[in-house]
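This is what each chain is made of:
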Amino acid sequence: MDYERQPYRRCGRSGLLLPAVSLGLWHNFGEGKPLDSQRAILHKALDLGITHFDIADRYGPPIGAAEAAFGRIFPRSLRDEAVVTTKGSNPMWDGPYGKGNSRKHLLATLDRSLARLGLDYVDIFYLHREDEETPLEEQVATLDHMVRTGRALYVGVSNFSPERTAEAARLLRGLGTPLLVHQPPYSLLNRRIEASLLGVLEEEGVGCVVYSPLAQGLLTDRYLNGIPADSRAAEGRFLTPDRVTPQVLGFVRALAELAESRGQTVAQLALSWALRDPRITSVLVGASSPEQLEANVAAVDRLDFTDEELAGIDQAAKEAGVEA
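Residues numbered from 1 in each chain as written. Predicted model: local features only at pLDDT ≥ 70, side-chain atom pairs only at ≥ 80, totals over all residues. Heavy atoms only, no water.

## Side note on the pattern of salt bridges
So, step 1. Summed over all chains, the structure comprises 18 salt bridges.
So, step 2. Put simply, Arg-173 and Glu-204 hold a salt bridge, and the shortest N to O gap is 2.8 Å. Here Arg-173, found in helix H5 (residues 162-175), pairs with Glu-204, found in helix H6 (residues 197-204); they are 31 residues apart in sequence, far enough to count as distant.
So, step 3. The exposure class of Glu-204 is buried, given its relative accessible area of 19%.
So, step 4. In the salt-bridge network here, residues are joined through shared partners; they are Arg-191, Glu-194, Arg-276 and Asp-314. (Salt bridge = Lys/Arg side-chain N within 4 Å of Asp/Glu carboxyl O. Helix = DSSP H or I, 4+ residues; strand = E, 2+ residues; numbered from the N terminus. Buried < 20%, exposed > 50% of the residue type's maximum accessible area, 1.4 Å probe, protein only.)

## Some details on the sheet that holds strand S6 (residues 122-127)
So, step 1. Spatially, S3-S4-S5-S6-S7-S8-S9-S10 is the arrangement adopted by the 8 strands of the closed barrel, whose pairing is parallel. Adjacent strand axes in the sheet meet at a mean angle of 30 degrees, parallel and antiparallel pairs treated alike.
So, step 2. One ladder, built from 3 bridges, connects strand S3 (residues 21-24) with strand S10 (residues 282-285); its direction is parallel. Each bridged residue has a counterpart across the sheet, and for Leu-23 the counterpart in S10 is Val-285. (Pairing = 2+ DSSP bridges. Axes fitted to C-alpha atoms, helices over the stretch in contact; angles between N-to-C directions.)

## Thoughts on the packing of helix H2 (residues 65-73) against helix H3 (residues 103-117)
So, step 1. Running from amino to carboxyl end, H2 crosses H3 at an angle of 40 degrees, the nearest separation of the two axes being 7 Å. The angle between the axes of H2 and H3 places the two elements in the oblique class. Residues Glu-67, Ala-68, Phe-70 and Gly-71 of H2 touch H3, and the partners they reach there are Ser-113, Arg-116 and Leu-117.
So, step 2. A class-by-class count of the residues in the contact of H2 with H3 yields 3 nonpolar, 2 polar and 2 charged. (Parallel < 35°, antiparallel > 145°, perpendicular 65-115°, else oblique. Contact = heavy atoms within 4.5 Å. Nonpolar A, V, L, I, M, F, W, Y, C, P; charged D, E, K, R; others polar.)

## Description of unusual backbone geometry
So, step 1. Looking along the chain, the bond that leaves Gly-60 and enters Pro-61 is cis, with omega of 10 degrees.
So, step 2. Within the secondary structure, Pro-61 sits in the loop between strand S4 (52-54) and H2.
So, step 3. In this model, Pro-61 is joined to Pro-62 through a cis peptide bond whose omega is -15 degrees.
So, step 4. In this fold, Pro-62 is placed in the loop between S4 and H2.
So, step 5. The backbone phi angle of Asn-159 is positive, close to 65 degrees, even though this residue is not glycine.
So, step 6. Mapped onto the fold, Asn-159 is located in the loop between strand S7 (152-158) and H5.

This is the structure:
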């Protein structure tokens, strides 16, 4: 493992360091891809100093398959050098206890995740979604219980509003189990967390690991010449063709010009831009090949931006009408 390949950033005010670029297993891990291909991606991640692997109980397909694949291919000799995370909230099995943030569901789904992963504990367990029908006190007490029983070392939330995040942080602090991290979407096409959430996280001392920093592939050169037949947009997989608009493509073309002047690809520029803010602990990237992962990690080689470059990006977004 090359610990010099990329920087490691402190997660909020905790003692935990995470790599600037982490590997997400939302896509490309499960039964739809040969296990040898998944193993090659994981091993390349380790070679690139990626110590942080983000998973969820529902990732696949089918659901649970990403955890099972990781459990089969992760080298156990490196367990103490890796941060392995999972999440719970979404529907996992039939019946009233198969979803949501009740104590009943969360403890059961974490135990099932640990069995699939082949691990005694995860480093971070996240509440994947808000659950307004379950008292927040019950939800955070369950997170605290996970830590105290050794199932998780740290806890986090994902897709929570700024207000619910602040309340969860307050309640967890009272229980003695700090909120480590929030995982929201963030990209050049989705800047909503800048309005309030990042300020809350800074005030509470909570880290921020962002997903979809490439907007499901829109912030690459993948769609500049049309929608490829084997792309997510063509398949309607988390990205629908109606999102590949002339406005978005115009913005990406403007980014491509700036990226070229910086010696980067569009994807590398988008990742570097997300990491420009010190409140962002890490960006999660997926990978369909070891080569793609290596190219994405190269974004850390140019994390500097001039004021003129940042202003140019904002102006391009304004002109394209894609301000988020």
